[in-house]
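# Summary of the model geometry
Residues per chain, in single letters:
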Amino acid sequence: MKTKKQYFCKSLFLLIFLSISIVGYGQEKKLQKTYSWSYKANEDVDLSFNNYNSDLNIKTWDKPVIEYKLHLVAKGANEDDVERLDSYLKNMTFSNSPERASINMKFWKRRISIMNRTKLKLEGEKEVILTEFKVTGELTIPKKCNLDLTSKYSDIELADVLGKLTLKLYNDKLYGGKVDNEAVISAKYSTIEFSDIKEEADITLYNTDFEANSIGDTKFESKYSKVFINTIGSLEVDSYNDKFNLDETGDIIFTAKYSGLRSEKSGRLKADCYDCTVIINQLEDIEITSKYSKFEFVKGNNCNISASYNDGINSTQLESLQITESKYGTFKIDKLTGVLSVATGYNDKFIITETGDNFKSLKVNGKYEKITIGIPANLDYRFKANIKYPHLDINEENFTHKTKIIENSTIEYDAVKGKEYEGMPEIKVEGYDVSLSINDY
């Protein structure tokens, strides 16, 4: 009997406790309010703004005023907590002068959110406990304001700005208009879209998607990111495992590992690559140092390779291909109009489909090189060879031999096709176990 009474008492106590909890929960204090701050400012004021987990709309106007509105929705089981938060925000001020202002909407010293429960430690206040806490912001600035924005975990709308723009983003989504001045951007785990950045840009990305219609001269330092730009000025890239998709650029300096670069039209290219893919349809002169990479060009001028290892180059048309050192490379050129030169080659393949009437020279020195080249049937040229273990596929009937020596698996050639004259085109091949095939067309 005593056990039943104890069970009944415990059950009654639990029921009363739950009832009190339910009543307390139902009497939560809700605060839904907009707080506003307004400061006089010069038209080119420097503004530092710190944003945290708050969607933010940034607009511009012609007034010499900075205005910030914070929209708050908060609930708390304890009415005192909500009232303390309201009082704190109403009395909060920010550092400001006409020349320089600083707004920090991360107004708490410490914030912990667990299971729909947020604890805020305010400056000089007790801890505030909330069951709901959400803030959004509206910032309006002079058009020529120089904005330095730091943000985390937010969606941001940015209007056209005329001043200098500095962004430090973490896990944000930013959608911007035009920037008429220079921009300095640093972002991690973010998505960024701009209409145009007219002046220079210095951009550092980590695991971020970046998109813009046009940008001026730009420096990128990037990892694990994707970049899409229609038009860009000169471009300098330090890249690791990125993808760059561009329509038209100025000159490019591309230093990269495990990255891809695509462009429809560019100026000069200087590439230092490791296991990369570079595809540019139309460009000017090219400088390459590379390993394990692939290059595709539709049309280019002079391509100079200082060092290449296990690379592939495929081009529709080049004026010249000049290589200082190469190993295990494959070079395919549909039309080479000027020069092919290899100072030191090892186990490379060269496939030149045609050269044209302005062809000047082919000079290759290496081991285990394989060369196929198409020469116009009406082109007069000089042919020289000094090869140990040669593999020659040429029509000797077309040549007038000045020198031909075969000794101990070595062949020396000096011959002329057609009419000899000073400065005539020349094919010269030297090395060890070299294959050469000349196709007349």
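Note that the structure is a prediction, hence the values are computed from the model and not measured.

## Quick word on the overall build of the protein
The helix and strand inventory of the protein stands at two helices and 40 strands. Dimensions of the protein, computed from C-alpha atoms along their principal axes, come out at roughly 120 × 75 × 30 Å. Contacts spanning at least 24 positions in sequence make up 35% of the contacts within the protein whose residues lie at least 6 apart. Accessible area for the protein stands at about 23000 Å²; split by element, carbon and sulfur atoms hold 45% of it. The averaged location of the 68 negative side-chain charges in the protein is 11 Å from the averaged location of its 61 positive side-chain charges.

## Here we look at the layout of surface pockets
In this model, the largest pocket occupies a volume close to 310 Å³. Forming the boundary of the largest pocket are 21 residues, of which Thr-218, Ser-234, Leu-235, Glu-236 and Ile-253 lie nearest the centre. Residue assignment for the lining of the largest pocket shows that the elements contributing at least two residues are strand 15 (183-188), strand 17 (201-206), strand 19 (218-223), strand 21 (235-240), strand 23 (252-257), strand 25 (269-274) and strand 27 (286-291). Class assignment of the residues belonging to the lining of the largest pocket gives a composition of eight nonpolar, two polar and 11 charged.

## A few points about a nonpolar patch on the surface
Taken together, Ile-112, Ile-114 and Met-115 make up a surface patch of nonpolar side chains, about 360 Å² in accessible area. Tracing the backbone through its elements, the reader meets Ile-114 in strand 6 (residues 108-114). Relative accessible area serves as the criterion here: at 56%, Ile-114 is assigned to the exposed category.

## Side note on the pattern of salt bridges
The tally for this structure, following the rule as stated, stands at 19 salt bridges. A salt bridge links Lys-90 to Asp-86; its shortest N-O distance comes to 3.7 Å. Residue Lys-90 and its partner Asp-86 are both found in helix 2 (residues 79-90); the two are separated by four residues, about one turn of the helix. Of the residues examined, Asp-86 reaches a relative accessible area of 14% and is grouped as buried. Between Asp-148 and Lys-168 there is a salt bridge; the shortest N-O distance is 2.7 Å. Highlighted residues: Asp-148 in strand 10 (residues 146-152) and Lys-168 in strand 12 (residues 165-170), separated in sequence by 20 residues.

## Looking at the pairing of strand 34 (residues 370-375)
Where strand 32 (residues 349-354) meets strand 34, four bridges bridge the pair, whose relative direction is parallel. Within strand 34, the position partnered with Phe-350 by the bridge is Ile-371. Bridge analysis of strand 34 against strand 40 (residues 435-440) gives six bridges, and the strand direction is parallel. In the strand pairing of strand 40, Ile-375 is matched with Asp-440.

## A short note on the confidence of the model for the protein
Per-chain confidence: the protein averages 92 in pLDDT, with 94% of residues scoring 70 or above. Segment residues 1-26 is flagged for pLDDT under 50; beyond a separation of four residues in sequence, or across chains, it makes zero contacts in the model.

## Structural notes on the pairing of strand 8 (residues 127-130)
In strand 8, alternate side chains face the same way, and those of Val-128 and Leu-130 are buried while those of Glu-127 and Ile-129 on the opposite face are not. Where strand 7 (residues 117-122) lies against strand 8, four bridges are found, and the strand directions are antiparallel. Considered in strand 8, the bridge of Lys-119 is made with Ile-129. Between strand 7 and strand 8, which pair antiparallel in sequence order, lie four residues; one of them, Gly-124, sits at a positive phi of approximately 75°.

## Some points on a negative patch on the surface
Taken together, the side chains of Glu-182, Glu-199, Glu-200 and Asp-217 present a region of like negative charge at the surface. Position of Glu-182 among the secondary structure elements: in the loop between strand 14 (178-179) and strand 15.

## So, the nonpolar core
Counting 114 residues, the largest nonpolar core has Phe-194, Phe-210 and Phe-220 as its most contacted members. If we skip the residues at most four places from it in the chain, Phe-210 touches Ile-185, Ile-192, Phe-194, Ile-203, Leu-205, Ile-215, Phe-220, Lys-226, Val-227, Phe-228 and Ile-229.

## Comments concerning the environment of Ala-377
Residue placement: Ala-377 occurs in the loop between strand 34 and strand 35 (381-388). Each C-alpha atom, one on Ala-377 and one on Asp-440, is 5.0 Å from the other, the two residues being 63 residues apart in sequence. Residues in contact with Ala-377, not counting those within four places in the same chain, are Lys-417, Asp-440 and Tyr-441.

## Let's talk about unusual backbone geometry
One non-glycine residue, Asn-171, lies in positive phi territory at about 55°. You can see Asn-171 is positioned in the loop between strand 12 and strand 13 (173-176). Overall, Asn-171 belongs to the partly exposed group, its relative accessible area being 39%. Backbone geometry places Tyr-328, a non-glycine residue, at a positive phi of 55°. Along the polypeptide, Tyr-328 turns up in the loop between strand 30 (312-327) and strand 31 (330-346).

## Focus on the side chain of Arg-382
Along the chain, Arg-382 falls in strand 35. Residue classification places Arg-382 among the buried residues on the basis of a relative accessible area of 15%. At a separation of 2.8 Å, a polar atom in the side chain of Arg-382 contacts the side chain of Glu-420. Not counting residues within four places of it along the chain, the set of residues in contact with Arg-382 comprises Lys-402, Asp-414, Ala-415, Val-416, Glu-420, Met-424, Pro-425, Glu-426 and Ile-427.

Calculation notes
Residue positions are given per chain, counting from 1 as you read along its sequence in written order. The predicted origin of the model limits local features to residues at a pLDDT of at least 70 and limits the giving and counting of side-chain atom pairs to 80 or more, whereas totals for whole chains, interfaces and linings rest on all residues. Side-chain numbers here rest on the full set of heavy atoms in the structure, without hydrogens or water. Under the DSSP-based scheme used, a helix requires at least four consecutive residues in state H or I and a strand at least two consecutive residues in state E, with every element numbered from the N terminus. Two residues form a contact once any of their heavy atoms are found within 4.5 Å. Residue-level accessible areas treat just the shown protein chains as cover; the underlying method is Shrake-Rupley with a 1.4 Å probe. His is not counted, nor are the chain ends, whereas Lys and Arg count as positive and Asp and Glu as negative. To locate a charge, take NZ of a lysine, CZ of an arginine, CG of an aspartate or CD of a glutamate. Site definitions follow a grid-based scheme: protein atoms alone, a 1 Å grid, a 1.4 Å probe that fits but cannot get out for cavities, and for pockets an open set with protein on both sides within 12 Å along at least five of seven lines, plus lining residues having an atom within 4 Å of a point. Grid points are joined across faces, edges and corners, and a volume is the space filled by probe spheres set on the points. Note that Gly is not counted as nonpolar here; it falls among the polar residues with everything else outside the nonpolar set of Ala, Val, Leu, Ile, Met, Phe, Trp, Tyr, Cys and Pro and the charged set of Asp, Glu, Lys and Arg. Patch construction takes residues with relative accessible area above 30% that form no salt bridge. Like charges are linked within 9 Å, and nonpolar side chains (Val, Leu, Ile, Met, Phe, Trp, Tyr) are linked within 5 Å. Should a side-chain nitrogen of Lys or Arg be within 4 Å of a carboxyl oxygen of Asp or Glu, the pair is scored as a salt bridge. In this scheme, a residue with accessible area under 20% of its type's maximum is buried, one over 50% is exposed, and one in between is partly exposed, where area comes from a 1.4 Å probe on protein chains only. By the convention used here, strands pair only if DSSP detects at least 2 bridges between them. Across the chain, each position has a pLDDT score giving the predictor's confidence in that residue, from 0 to 100. What makes a nonpolar core is a set of buried Ala, Val, Leu, Ile, Met, Phe, Trp, Tyr and Cys residues whose side-chain atoms join them at distances within 4.5 Å. What qualifies as a polar contact is a pair of N or O atoms within 3.5 Å, subject to a donor-acceptor requirement within protein and to the restriction that residues adjacent in sequence count only when both atoms come from side chains.

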